[in-house]
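Take a look at the letters that make up each chain.
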Amino acid sequence: MSNLFEPKSIGTLEIPNRFVRSATAERLADEVGSPLPQLGEMYAALARGGVGLIINGHTYVHPSGRAHAGMSGIYDDELIPAWESVVQATHEAGGLIAMQINHGGRQCDPAVIEGPLLAPSAVAMNAESQRPVEMSERDIQNIIRAFADAAGRAKAAGFDAVQIHSAHGYLVSEFNSPASNWRRDAWGGKLTRRVRFLESVAAAVRDEVGGDYPLFVKLGTMDFVRDGLTVDEGVEIIAHLADMGLD
């Protein structure tokens, strides 16, 4: 147990111990995604309690990617000052903080987004869910750019790292999974084409933040649904994460 209190480096980020607060959806943002003061207070309390690294709850990179009401956003430069306050509160309490960037894809609440649900393919989650729109090439490139711009804003706000959300059935993991990605072009089919979206997002983010900035991924390695991502495919993705520029 003693090594839980030893420092650990991930990329260029040295964490004082092995305690990481994984991202959860706090729902502490206003109607435009700006973090409420309670969010900074929460993170400061975690830092004072000894958490080595805090990863904030998923933060949407584009107005079309807001998964639910109360979700925080990083899709516009005007949001940077509010995030600077959150980071400052965390740092003053002795903590480190990474921003998790995300797009909700077909799991977005239609009531809180602009435009249609976006997904790799026009495949609904279930019989009760709204059918999404298959993303065009322009849509794909726009969202890749949105991830990169969001990461740049997180860095500008003082975050110590960025984490790409590629799990839990949100957009990036929707591309990875054959259960949600039925495309027959260069973005679908065999695993090497399905994972191309994650690779492209990671490359764009890395170009934006630079080679020394810590970049993580939250990766879903198995879907647990019929015809979904298998554990063998998940392991294959893991084997190439470093090649994608991820720490």
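Residues numbered from 1 in each chain as written. Predicted model: local features only at pLDDT ≥ 70, side-chain atom pairs only at ≥ 80, totals over all residues. Heavy atoms only, no water.

**Student:** Explain helix α1 (residues 37-48) to me, please; I cannot follow it from the model alone.
**Tutor:** In a regular helix each residue adds 1.5 Å, so 12 residues correspond to 16 Å; α1 covers 17 Å between its end C-alpha atoms and thus fits that length. Those residues of α1 lying buried are L39, G40, Y43, A44 and A47. The buried residues of α1 occupy an angular sector of 135 degrees when the element is viewed end-on, so they sit on one face. Exposed residues lying more than 90 degrees from the buried face of α1 are P37, E41 and R48. Against the buried residues of α1 lie β3 (20-21), β4 (53-55), α2 (80-92) and β7 (96-102). (Helix = DSSP H or I, 4+ residues; strand = E, 2+ residues; numbered from the N terminus. Expected span 1.5 Å × (residues − 1). Buried < 20%, exposed > 50% of the residue type's maximum accessible area, 1.4 Å probe, protein only. Arc of directions from axis to C-beta. Contact = heavy atoms within 4.5 Å.)

**Student:** Could you clarify how one ought to interpret the pattern of salt bridges in this entry?
**Tutor:** If charged atoms from side chains of opposite charge come close, those side chains can pair. Under the counting rule described, the total for this entry stands at seven salt bridges. Between R21 and E26 there is a salt bridge; the shortest N-O distance is 3.0 Å. In this structure, R21 and E26 share a single accessibility class: buried. Among the ionic contacts, a cluster of salt bridges with common partners joins R145, D149 and E208. (Salt bridge = Lys/Arg side-chain N within 4 Å of Asp/Glu carboxyl O.)

**Student:** What am I meant to see in helix α7 (residues 231-239) here?
**Tutor:** Quick reminder: α-helices carry 3.6 residues per turn. Residues three or four places apart thus point the same way. Among all positions of α7, only E233, G234 and I237 are buried. The buried side chains of α7 occupy one side of the element, clustering within an arc of 105 degrees when seen end-on. Pointing more than 90 degrees away from the buried face of α7 are the exposed residues D232 and A239. If you follow the buried residues of α7, they end up packed against α4 (171-176), α5 (191-194), α6 (196-209) and β11 (215-219).

**Student:** How do you make sense of the packing of aromatic side chains when you look at a structure like this?
**Tutor:** The relative placement of two aromatic rings is captured by the distance of their centres and the angle of their planes. On inspection of all chains with the given rule, the structure shows six aromatic pairs. Measuring from ring centre to ring centre gives 6.4 Å for W187 and F197, while their planes differ by 70 degrees; the resulting arrangement is edge-to-face. Pair noted here: W187 is in the loop between α4 and α5 and F197 is in helix α6, with a separation of 10 residues, a long-range link. Across the pair, exposure class does not vary: W187 and F197 are buried alike. Connected via pairs of aromatic rings, a cluster forms that spans F175, W187 and F197. Sitting over the ring of W187, R196 keeps its end group 3.7 Å from the ring centre. (Phe/Tyr/Trp six-rings, centres within 6.5 Å; stacked < 30°, edge-to-face > 60°. Lys NZ or Arg CZ within 6 Å of the ring centre and 35° of its normal.)

**Student:** Quick question: what am I supposed to make of a nonpolar patch on the surface here?
**Tutor:** Nonpolar side chains collect at one region of the surface, where M222, F224, V231, V235 and I238 lie side by side and expose about 500 Å² of accessible area between them. Looking at the secondary structure, you find V235 in helix α7. (Patch = residues over 30% accessible without salt bridge, like charges linked within 9 Å, V, L, I, M, F, W, Y side chains within 5 Å. Areas by Shrake-Rupley, 256 points an atom, 1.4 Å probe, with all protein chains shown as cover.)

**Student:** Quick question: what am I supposed to make of the environment of H240 here?
**Tutor:** Within the secondary structure layout, H240 lies in the segment after α7. Given a relative accessible area of 36%, H240 falls into the partly exposed group. Here the alpha-carbon distance between H240 and P132, two residues 108 residues apart in the chain, equals 29 Å. Polar contacts involving the side chain of H240 include one to the main-chain carbonyl oxygen of E236, which spans 2.9 Å. (Polar contact = N/O pair within 3.5 Å; in protein donor to acceptor, adjacent residues only side chain to side chain.)

So yeah, pure geometry; function would need other evidence.
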